[in-house]
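Report on the structure
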Amino acid sequence: MSDEIRDLFHGVRPSISVPPRDLRRVVGEGRRRLRRRRLLSSAAAVAALAVAGAGINEVVGRRGLSPVASGERLRVVATVPLHAPYDLTPDFPRDLAYGFGYVWVLHARDGTLQRIDPATNRVDRVIDLRGETRDPSSLWDVEAGAGRLWVTNPSAGQVLAVDPASGRVDGRVRGLSHPLGTYFLGGALWVIAGGGDDDESLYRVDPATLEVTGSLRTGTECCLSGIVELDGDLWVSYSDVPSRPRNDAPDVEDRVFDLSLQLRRIDPRAVAFVETIPLAGDTYRPGDTVLGGLTTAEGHLWVARPEAGAVDRVDPVTGRVDSIDVSASLRPGTLTYYGGRMWVWDLGGSGAAPIDPVSLEVGPESDLTVAGGGHPIEGAGALWVPSGSDGDQHDSISRIEAVAPGRPPVETPEASAAPPETAPAPAADPVVEEMTEREQAEVFAFRALAATGLMDPFSERSYNFTYADDTTREDGGWRIGFAASDCEPRRRGEGHVFTCRGLSGEDPELGNALTDTYVTVARDGRRWRVVDVTGNMLPDEKRRLIGYALPEHRGPSHWEFPAAGAWPARDGVVIEMVALWIGPYPTRAPGSVCEVHLIAEDGVRMGEPRRFYQQPPDRAFEHAGWVKGVESLDEDADDVVVECRQSGD
Amino acid sequence: MRGARLTFEAFYQSEFDDVFRGCFLLCGSREVALDATQEAFTRAYVRWRRLRRHDWAGGWVMTTALNLCRRRSRDPVPLGEVRDEAVPDRGASFDRVDLQRALGALAPRQRHAAILHYLGDLPVVTVAELMQISEGAVKAHLSAARKALRRALEVSDV
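Residues numbered from 1 in each chain as written. Chains lettered and ligands numbered in written order. Predicted model: local features only at pLDDT ≥ 70, side-chain atom pairs only at ≥ 80, totals over all residues. Heavy atoms only, no water.

Points about the overall build of chain B
Definition in use: Segments assigned H or I by DSSP are reported as helices when at least four residues long, segments assigned E as strands when at least two residues long, and all are numbered from the N terminus. The classification of residues rests on relative accessible area computed with a 1.4 Å probe and restricted to protein chains. Under 20% of the type maximum is buried, over 50% is exposed, and intermediate values are partly exposed. In this analysis, two residues are considered to be in contact whenever any of their non-hydrogen atoms come within 4.5 Å of each other.
The secondary structure content of chain B amounts to eight helices and zero strands. Along chain B, helices (α) and strands (β) appear in the sequence α-α-α-α-α-α-α-α when read from the amino end. Split into buried and exposed, the 158 residues of chain B put 59% on the buried side. A separation of at least 24 residues holds for 65% of the contacts in chain B among residues at least 6 apart in sequence.

A short note on the pattern of salt bridges
All names here are of chain A. This is how it is decided: We count a salt bridge whenever a side-chain nitrogen from Lys or Arg sits within 4 Å of a carboxyl oxygen from Asp or Glu.
Taken as a whole, this structure holds 20 salt bridges over all chains when the rule is applied. A salt bridge links Glu 132 to Arg 172; the nearest nitrogen and oxygen atoms lie 2.4 Å apart. With a gap of 40 residues between them, Glu 132 in the loop between strand S5 (122-128) and strand S6 (142-145) and Arg 172 in strand S9 (residues 169-173) connect regions that are remote in the sequence. A single salt-bridge network, built from bridges that share partners, covers Arg 24, Asp 233, Arg 265 and Glu 275.

Some words on helix H2 (residues 30-46) of chain B
Note the threshold: Expected helix span is taken as 1.5 Å per residue step, with the number of steps being one fewer than the number of residues.
The end-to-end C-alpha distance of H2(B), which contains 17 residues, comes to 24 Å, matching closely the 24 Å that a straight helix rising 1.5 Å per residue would cover. Burial of H2(B) is extensive: 14 of the 17 residues sit out of reach of the surface.

A closer look at helix H4 (residues 437-451) of chain A
All names here are of chain A. An ideal rise of 1.5 Å per residue puts 21 Å on 15 residues; H4 measures up with 20 Å between its terminal C-alpha atoms. Within H4, 12 of the 15 residues are buried, which leaves it mostly tucked inside the rest of the structure. Within H4, burial applies to Glu 439, Gln 440, Ala 441, Glu 442, Val 443, Phe 444, Ala 445, Phe 446, Arg 447, Ala 448, Leu 449 and Ala 450. Of the residues flanking the end of H4, it is Gly 453, one or two places downstream, whose phi is positive at about 85°.

Some remarks on the sheet that holds strand S27 (residues 377-379) of chain A
Residues and elements named next belong to chain A. For the record, the criterion: One bridge is not enough; two strands pair if DSSP finds at least two bridges between them. Note on geometry: axes are C-alpha line fits, over the in-contact stretch for helices, and angles between N-to-C directions span 0 to 180 degrees.
The sheet built from four strands is open, its strands ordered S1-S29-S28-S27 with antiparallel pairing. Both edges of this open sheet fall to strand S1 (73-81) and S27, since each of them pairs with a single strand only. Taken over all neighbouring pairs, the strand axes of this sheet differ in orientation by 35° on average, direction set aside. With four bridges joining them, strand S28 (residues 382-386) and strand S29 (residues 396-403) adopt antiparallel strand pairing.

Details of the pairing of strand S17 (residues 272-278) of chain A
Residue and element names in this part refer to chain A. Both strand S16 (residues 257-267) and S17 contribute to a ladder of six bridges, which runs antiparallel. Pairing of Asp 267 across the sheet is with Ala 272, part of S17. Taken together, S16 and the strand that follows it, S17, pair antiparallel across an intervening segment of four residues, in which Val 271 is found at a positive phi of about 50°.

Some words on the packing of aromatic side chains
The description of two aromatic rings rests on the distance between their centres and on the angle between their planes. Applicable threshold: Ring geometry is summarised as follows: Phe, Tyr and Trp rings, the Trp one being its six-membered ring, pair when their centres sit within 6.5 Å, and such pairs are stacked at plane angles under 30 degrees, edge-to-face over 60 and tilted between the two.
Enumeration according to the criterion identifies 13 aromatic pairs over all chains in this entry. Look at A:Tyr102 and A:Trp104: their rings are 6.4 Å apart centre to centre, the planes differ by 70°, and that puts the pair in the edge-to-face class. The two residues A:Tyr102 and A:Trp104 agree in class, both being buried. Arranged with centres 5.0 Å apart and planes meeting at 75°, the rings of A:Phe446 and A:Phe482 form a pair that is edge-to-face. Here A:Phe446 is found in helix H4, whereas its partner A:Phe482 is found in strand S31 (residues 477-485), with 36 residues between them in sequence. By relative accessible area, which is 1% here, A:Phe446 ends up buried. Through a chain of ring-to-ring contacts, three or more aromatic side chains come together here, namely B:Phe8, B:Phe11, B:Tyr12, B:Phe16, B:Phe41 and B:Tyr45.

A few points about the confidence of the model for chain B
Residues and elements named next belong to chain B. Applicable threshold: pLDDT measures how confident the predictor is about each residue, on a scale from 0 to 100.
Averaged over chain B, the pLDDT score is 73; the fraction of residues at 70 or greater is 74%. Highest mean pLDDT in chain B belongs to H2 (87); lowest belongs to helix H3 (residues 48-51) (68). This model gives residues 1-6 a pLDDT under 50, and the stretch forms 17 contacts once residues within four places in sequence are excluded. Scoring the predicted complex yields pTM 0.49 and, for the interface, ipTM 0.79.

So, the pairing of S6(A)
Residue and element names in this part refer to chain A. The side-chain alternation of S6 yields two buried faces, one formed by Val 142 and Ala 144 and the other by Glu 143 and Gly 145. Here four bridges tie S6 to strand S7 (residues 148-153), and the two strands are oriented antiparallel to one another. Across the sheet, the residue bridging to Val 142 is Val 151, located in S7. Connecting the antiparallel pair S6 and S7 is a turn made up of two residues, with Ala 146 showing a positive phi of about 55°.

Side note on unusual backbone geometry
Its identity as a non-glycine residue notwithstanding, A:His178 has a phi of 55°, on the positive side. For B:Asp121, which is not a glycine, the phi torsion comes out positive at approximately 55°. Turning to its location among the elements, B:Asp121 is positioned in the loop between helix H6 (108-119) and helix H7 (124-131).

Section: the nonpolar core
Put simply, the rule reads: We call a set of buried Ala, Val, Leu, Ile, Met, Phe, Trp, Tyr and Cys residues a nonpolar core when their side-chain atoms join them within 4.5 Å.
Core analysis: the largest hydrophobic core is formed by 60 residues, its most contacted members being A:Phe9, B:Phe8, B:Leu25 and B:Ile115. Considering each element in turn, this core owes the most residues, 11 residues, to helix H1 (residues 2-27) of chain B. Residue contacts for B:Ile115: discarding those within four places in its chain leaves A:Phe9, B:Gly22, B:Leu25, B:Leu26, B:Met62, B:Leu66, B:Leu103 and B:Gly120. Of all hydrophobic cores here, the second largest spans 30 residues; its members include A:Leu454, A:Trp478, A:Phe482 and A:Val530.

A look at the packing of H6(B) against H7(B)
Residues and elements named next belong to chain B. The condition that has to hold: With respect to orientation, any angle under 35 degrees is reported as roughly parallel, any angle over 145 as roughly antiparallel, any angle of 65 to 115 as roughly perpendicular, and every other angle as oblique. Should the near helix be turned anticlockwise from the far one by less than a right angle, the crossing is termed left-handed; should it be turned clockwise, right-handed.
Direction vectors running N to C along H6 and H7 enclose 135°, while the axes themselves pass 10 Å from each other. With respect to H7, the element H6 is oriented oblique. For the pair H6 and H7, the sense of crossing is right-handed. Between H6, through Arg 109, His 112, Ala 113, Leu 116 and His 117, and H7, the contact on the second element is made entirely by Val 124, Val 127 and Met 131.

Points about the environment of B:Cys69
Residues and elements named next belong to chain B. Take Cys 69: it is sitting in helix H4 (residues 57-72). The exposure class assigned to Cys 69 is buried, which follows from its relative accessible area of 0%. In contact with Cys 69, not counting residues within four places along its chain, are Cys 23, Leu 26, Cys 27, Val 32, Ala 33 and Ala 36.

Here we look at the sheet that holds S6(A)
All names here are of chain A. Strand order in this open sheet of four strands is S6-S7-S8-S9, and the pairing throughout is antiparallel. Pairing within the sheet leaves two strands with one partner each, and these edge strands are S6 and S9. The sheet shows a mean angle of 25° between the axes of neighbouring strands, taken without regard to direction.

And the structure:
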C-alpha cells in the first residue's frame, strides 16, 4: 500500500514544472562563501598564534593577515652573488625557477644553470649548457617539473630536459618553432613558441615521452603573456592588436592602436580555447607592455595592465572583473601571491606593493630598487629576483621576504651570521628545555608539513600526518616516518588518478596505521632544512616541502595551531585543527583549547562558543595531532570560526 | 579539481528537479521553493569536498532545502488553503493540488519524512539519519502520513 502513496508522489512530478537552473549562481556564491570561511578561520588561527608564542612569523606564511595599510613590507634579506666562470661579467640571469629544494638561475651570457641553496644563500653548483647551442645567450627560459629542469633553446627549436642531479641533458623536445616560455602545469609541460611577426602557438608536451601531444595556434602579433592553472583549467592572458592603427601618424612610434585584452580559458585535454572573459580595452603604442603578470589567488585570476596602471581580479565562474587602481604608486608588471598578499611589482624596478586579496585594499610600496624589476619566483619561503646593477645588467640574485609590522626580519644566513633567536615570552607556564637533536628534527618536520599547507584542512588535498615513532639517523640527516591519511584524488578521468598507497583496505574514516611517508631533514649550522620526501604526495607538494628551512628552535615550548577548519557532517560540523606542540617531552606543558563560534548570517556570533580541549602531550611523543570534534550545527548558523589557544592564556 | 567540479555539476543537474519539487510540495510557493533549492545547493557546494563521498548527499540537499523552505515560508500553508499560484505548470493538476493540501494537513516532521521517502526515494534508514531521528520514529511518521493521506485523498487500501 505504500507503493500507491509512492506512485501518488511520483505521479504529480510531471505536473510540477521546474524553473531554469542556475548552476553559475550556485557555484559563484559557493566560492564566495568558501573564501570568506577561509579568511575567518585563518584570521582566528592567527589571533591564537599570536598568543601562543615563538617562531610564528616563519610558520604561518599566508595566515599573517592584517590590514595591508599597516605597513607590511618586502625586504631584501640576502644577496647571492652569481658565479662567473668564463669572465663574462656582468652575468645576466634571464630566468629563475624553483625546484628540488633549490633556486635555479639561467644565465643568458655564459649558458649556465646555477643552483642556489636557500639554506646557505650561495651558488653551490654550475651546470654548463654551452655545448647545447652555438649561442649560449639564446637560452631563454627555465622551468622545474617532473623531476627535470626544462630550458628553452629558441634558435634550435628545442626544449632541453636537464637532470638536476647529474646536470646532464638527458632529453630534448624537438620540432617546436622558436620555443620561449615553459610552464609546468597539471602534470604536463606547456610551451609558448613563436610570437612577434611569426605565428604564436601553445604546445602541450608529455614530460615522460617528450612528445608533443597537443598544440593550439594562438595568432600573430598578439597573443599570450601568461598562463596559469586554476581548478584544472588553463587560463591565459591574451592581447590582440588590430592591424590598422587608430591614427595615420607617419612614424610608427606615434601610432596608436586599440587594444583588446582578454583572459581565455583553455581546455587542457582538448588544447582549445573554450571561454573568453574580456578585460577593459586599452590603447597601445608600439613599445608598450600591454599585459603584465597573470597569476591566481583565492580562487581568482589576477592580471596586471601596466599602461592602465591597474590590476584586475577576475572571478572565473561569474566573469566579474574588479579593477584595482595602483597607478599612484607604481606601473604594475609581475604579480606574485606571497604571504597572503598579492604583490604587484613595478615594471620600472622600484619595488612592490601589497594588495589584500579579499578587501582589495592596496598597501604602501616597498622600496626594492636594489632588487631590480625582474620576475620574482617563490621558493623555500622567500621570493627570489635578479638584483639590479649597472644599467640593465644584473650580477646577483636578491632573496626577499615579507616583514610584518613590528616583527623582526626572519633570520637568514647573510643577514646575520649567528643572531640570537628572540622569542616573545609565553603568556603562561613557560617551559624552556633543550630538545635533543632528534626532537628538533621531528618538531621541524611537523612544522614544515604544516607551514607548507600540506596539513591545511581547507586545501583541496590535505593530510593527517601521524607520528609513527619511526625516526632514524642517516648520513643525510634524520629520516622521520609518518602515517599519512585522508588523501584524496585531485583529478579524475584524466589519466591522473592519485591513490594513497598504504591506505588500501583501511577505513578512511579511521585513518591509516601504516607508516607511508618519510621526511628527511638535516641541520646546516643553526638551520633545519627538508632535504627529501618519500611517500604518496604529488610532485608539486614534494617540491613545496623540499628546501623548506627554519632556524632551530630555542625559545619556550608552546603550542602552535597552523591550520583550522570546520566541515559539515551528517549530524553537525566536524572541527579539525592541527595542534603542534613545540617542545620536549614528557612535559609539564599546558593543554590547548579550541573554541568554535557559530556565526549568523549578519556576522554576529551566536551564543557561547563550544570548546574542545587537547591534553598536553603525556606519552613518549606527541608533537602534533588533529583535534577533532563534532558539533551540531544550528540551522541559522551561516559560518563557523575556530579559535585556538594555549590553556591558561 | 576539474573532475570535482564536473561531479558537482552532475550532482546539481541530477538532483535539482526532485529537490525543487519536494520544496514546492512542502511550501506551495515556487519562489520560496526555488530560493530554498538554490540555497541548499550553494551550501552543498561549500561542503562538497566532504559531501561528495557519501551516497546520502542528495538526501542532505533535500533535507536542507526542506528545512529552508519551511523556515522561509512566512505563511504556512494550512489545510484547504493551498495557494495555487499562477505557475506555468503543464495543466493545474488536481492531483498535485490535492496532494499539497493533504501534505499541508500533516505535522511538519511527517511531511518532511514523507517527501524524503516517497518523493526522494530514500530508504527509511537514510531518512532517519538525515532527520536525526530513529528508524522507528521515521516509520511512525510515515505511517501517520499514510493514514492522513489516505483519509485526505481517499486512496483505497493505503
